[in-house]
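In case you want the letters, here they are:
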Amino acid sequence: MELIKPDVNINFVGQRFKAFILSGLLILATVVSLLLHGGPNLGIDFAGGILVQVRFSESTDAGAIKKALEPIGMGQSLVQSFGGEGQKEFLIRDENQGLKLQGLSDRVRKTLAATYGQDKVEVRRVEMVGPKVGADLREKALLAIFYAILLIVVYISGRFEHKWGLAAIMAAVLVGATLLVEALITAAGDQEGGGIVWLIITSLVVTVGLCWLLKLRYALGAIVALIHDVVITVGVFSLLDKEFTLATVAALLTIIGYSLNDTIIVYDRIRENLKRAGRQEDLGRTINSSVNQTLSRTILTSGTTLVVLLSLYILGGGVIQDFALALLIGVVVGTYSSVFVASPILLLLPEGTTVLTRRRSRAAAPARPAAPAPAPEPAVPVSPAKQASARKRKGKKKSSRKRRKR
Amino acid sequence: MPKNFALKAVAVAAVIILALVYLVPTLGGKMPTWWTSYLPAEKIHLGLDLQGGMHLILEVETAKAVSASVERTSQELIRRMREEKIRAIRPKAEPGNRISVTLLHNSDRAKLEDLVKQSYPDYGVDSARTLDDGKIALTLKLSAAAVKHIAEQAATQALETIRNRVDQFGVSEPEILPQADGRILVQLPGIKDPQRAVALIGKTAQLEFKLVDDDANPATVTKATLPPGDELLYLYRRDRATGRTSKEPIVVRRRVAMTGANITDARVQLDSQYNEPYVSIAFDSRGARQFGDITSRNVKKRLAIVLDGKVQSAPVIQEAITGGEARITGDFTMEEARDLAVVLRSGALPAPVKILEERTVGPSLGRDSINQGLTSMLVGFVLVVLFILIYYRLAGVVANLALLLNLVLITAVLSAFQATLTLPGIAGIILTIGMAVDANVLIFERVREELRLGKTPYAAVEAGYGKATLTILDANITTLIAALVLFQFGTGAIRGFAVTLSIGIASSLFTAITFTRLLFDLYLHLFRPKRLLI
């Protein structure tokens, strides 16, 4: 069976500006939503507080539960009906920092039992996180994101063109920049993980800048796609007013992995086709045919992944539902981006933007957005194709530049 | 036949057999003895969120252990100074780990400094000034190194004590581990009564015997009129009929006559007269002597038994008790008496502990989570298998066999390494099912392309695997990096996700590349088909 005919050639690259606008709007929506909500809606893992899942043997409602909890200062709790069983199971959440957490779970238990009767209430889950642990977990989660970005960035910057020397430079500069920012943060006095947010931002900015300088076009594209996917997933989560918990962070990290996985597969196809076409081919057309060639794989894999995630979302129970949702969003966005964003964006990242040749490329780039790709593998002897492209670009200094490039 | 085929086949077969061997204990019920004595018998280890249980992060308030130590030293100093004939106003513990002493005569200063140097080397003279009336006000300060040492010891001792208590509480496979910053992680799987466990673990159980000052009238005394060296404590009573509690003030000497440090045993007994439970405690020889001393010197006086600052009872000493046994009565329920005996046996915590984090999952929710997790896994698996079968036909069978083997391998590795399976861990397996197909999809799509180019089945398979393998490896590394970082920084249940995701990635590479290739080679060799159903 075939979903996608082998000779299919949908013009994805031609749709790129529409896609960029859509992505831009989604990112804008993310920013607006985060601003309106005053940052991400942190769950008790990070904000500290208490979460109690209770099941009653008879139906009740949120108002009654809140009223019952009033004597112990939890009258302002967020009470949600939970699971499918009518109005019997509820999630009580309170992030009030004024709450005295010591012995709180016991007080909740006793208060509910006193109101509803000893045998009519079953406390099924209690999560109580003190402010100190909340701050620790926040820091840990941010550090996890930071290190994941650091390692992945170093990996992909070396990976595409097998420029492991450049990857080493990348790693060195990133570590240096990180240490510098860390020293600055320590000097300024770190506040509740705010410093790590700066570390993450710095590492991303440095990465993007370095990829640009070092001419790591594919790495740059992959990183842009990755940021795109994570930001939009965060945005959708924020728009749905879902809470960010440890599980959400785990989902985000998985999405980073998944997004790159998709991007790497399309990029590898592009590079393979460029090699075969000998760079005579128009880059835009090559990208488009590569996306089309991998299209059935893209649809199949995200299809099976979405099927299992949907199954998890629908049947997995309330405890894991938000986690499944974050992954679902991430996979959808990741699939969209690998077709509509990651690949066409290569066209926006013109070749010849190294420090050494910046002047030349600045003159040339706007005129030829679909310029042929540079030779990706410096280790092989100069192929006829490469010579041809060098000739095409003309200029006597060309050969000396090539040598320097190696 | 491709080279190394036999070797590869044997290796793959060995892996499959090994995996099945590790899988059997998890699937089967009771294992026969011949199996358990030669083969692995461990089932998959379930996380607290699946089997139900309690996870606690405790913080030992070590600062309080330090200030308690300073308080003890100041009490001891009173006695030592009397012995050395140093005349001074009562030494007093002050905030900042200091002890203030006011000497009556300047001539005693050298004596005091000698005493401190010899008997309390951890203390140094912090400040000294001569008052107007010729008295000398001195402050002794505990050195920073000693503060650190006491704090560390308190943390270690607290860990030991909590371990003792949990052991006596009877939880199977509890986990009690020290964490950074003097914190303690306690995991109690399958616990039925979490609140009782919290009470038991968190009870400081500082037992003190203090003499009651019968000269002071507790009903009228206030903070201002409290005689020097006395303190006001309360005796809490619970009316058995109404369940109401009342408190009765008692004035006791501040000086601790004796602590619970010399207790060797504590057990619950029943009062023969009222049929009420009480806790009988036994002292070691030193404690017995001390207790005998106190009781013989204070016959007809009242001795308050103080537990964590609350008076349990204050009986009148009828006669000297030299047998080394005492009893603690109070309005205990049987369960309370039993728990009190446990905490007294296991010793006091050197400092109070605070619960920083509590996560409890009831057994019914754990069961539901397992059922829902497995259901969604099964449904997801069946849907993917059906889809792949329809899409790739014969090759789909190969891919599905690989997927099945993948599940077997993940489960086997989990039980072989005794890794913990959590609910997010199940989610990781489910996600793996969806993503593992990717490798085969990539290969099969390649093979189809090669076939379209007119290659023979054998050449197409060869080229398909050759071209796709490197990309598959590379593409999976990024997810693996994310999973490893998550493992490093994740806690509890999330770690379980990182574990299954990592295992899933590794095993899916094996099943989707090595295993399926072997099946293809076998098929192509045995049947030599003209067309490949893919």
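Residues numbered from 1 in each chain as written. Chains lettered and ligands numbered in written order. Predicted model: local features only at pLDDT ≥ 70, side-chain atom pairs only at ≥ 80, totals over all residues.

Caption draft 1: Expanded view of the overall build of chain B. A count of helical and extended segments in chain B gives 13 helices and 19 strands. Computed over its C-alpha atoms, the radius of gyration of chain B comes to 35 Å, more than 25% above the 24 Å expected for a compact globule of 534 residues. By principal-axis analysis of the C-alpha atoms, chain B measures approximately 115 × 60 × 40 Å. The buried share among the 534 residues of chain B stands at 43%. (Helix = DSSP H or I, 4+ residues; strand = E, 2+ residues; numbered from the N terminus. Rg over C-alpha atoms; globule rule 2.2 N^0.38 Å. Buried ≥ 20, exposed ≤ 12 C-beta atoms within 10 Å, placed from the backbone.)

Caption draft 2: The overall build of chain A, seen in detail. Looking only at helices and strands, one finds 16 helices and four strands in chain A. In chain A, the proportion of contacts linking residues at least 24 apart, taken out of those at least 6 apart, comes to 76%. (Contact = placed C-beta atoms within 7 Å.)

Caption draft 3: Focus on the nonpolar core. The biggest cluster of nonpolar side chains holds 252 residues, and the ones touching the most others in it are A:A148 and A:L253. For this core, the element with the most residues is helix α10 (residues 363–416) of chain B, which contributes 19 residues. In this view, A:L253 contacts A:A144, A:I145, A:A148, B:A482, B:V485 and B:L486; residues no more than four positions away in its chain are not counted. (Core = buried A, V, L, I, M, F, W, Y, C linked by C-beta atoms within 7 Å.)

Caption draft 4: Region of interest: the sheet that holds strand β8 (residues 183–189) of chain B. Within the open sheet, the eight strands sit side by side as β2(A)-β3(A)-β1(A)-β4(A)-β18(B)-β2(B)-β8(B)-β7(B). Their pairing is antiparallel. The open sheet is flanked by β2 (78–81) of chain A together with β7 (175–178) of chain B, the only strands paired with a single partner. Here the strands of the sheet are splayed against their neighbours by 20 degrees on average, with no regard to which way each runs. Running at roughly 65 degrees to strand β18 (residues 353–361) of chain B, helix α5 (residues 131–159) of chain A makes contact with β4 (121–129) of chain A together with β2 (53–60) and β18 of chain B of the sheet. (Pairing = 2+ DSSP bridges. Axes fitted to C-alpha atoms, helices over the stretch in contact; angles between N-to-C directions.)

Caption draft 5: Structural context of the interface of chain B and chain A. Counting residues at the interface gives 57 residues for chain B and 59 residues for chain A. Secondary-structure elements contributing two or more residues to the side of chain B that touches chain A are β18, α10, α11 (423–452), α12 (457–489) and α13 (492–527) of chain B. In terms of residues, the side of chain B that touches chain A owes the most to one element, α10(B), which gives 15 residues. A breakdown of the residues in the side of chain B that touches chain A according to their chemical character gives 31 nonpolar, 17 polar and nine charged. In this sheet, β18(B) lies alongside β4(A) in antiparallel orientation, the contact comprising five bridges. Bridging from a neighbouring strand, A:R125 pairs with B:V361 of β18(B). (Nonpolar A, V, L, I, M, F, W, Y, C, P; charged D, E, K, R; others polar.)

Caption draft 6: Main features of the domain arrangement of chain B. Segmentation of chain B into domains returns domain 1 (5–52 + 364–527), domain 2 (64–146) and domain 3 (207–334). For domain 2 of chain B versus domain 3 of chain B, the distance between C-alpha centres works out to 30 Å. (Domains from an automatic or database assignment.)

Caption draft 7: Structural context of the domain arrangement of chain A. When cut into domains, chain A gives domain 1 (13–42 + 215–371), domain 2 (49–129) and domain 3 (138–185 + 196–214). In this structure, domain 2 of chain A and domain 3 of chain A have C-alpha centres spaced 44 Å apart.

Caption draft 8: Focus on the confidence of the model for chain B. Residue and element names in this part refer to chain B. Looking at chain B, pLDDT values average 88 and 99% of them are 70 or higher. Least confident of the elements in chain B is helix α2 (residues 33–38), whose mean pLDDT is 77; most confident is α10, at 93. Model confidence for the complex: the whole-complex pTM is 0.82, and ipTM, which rates the interface, is 0.81. (pLDDT = per-residue confidence, 0-100.)

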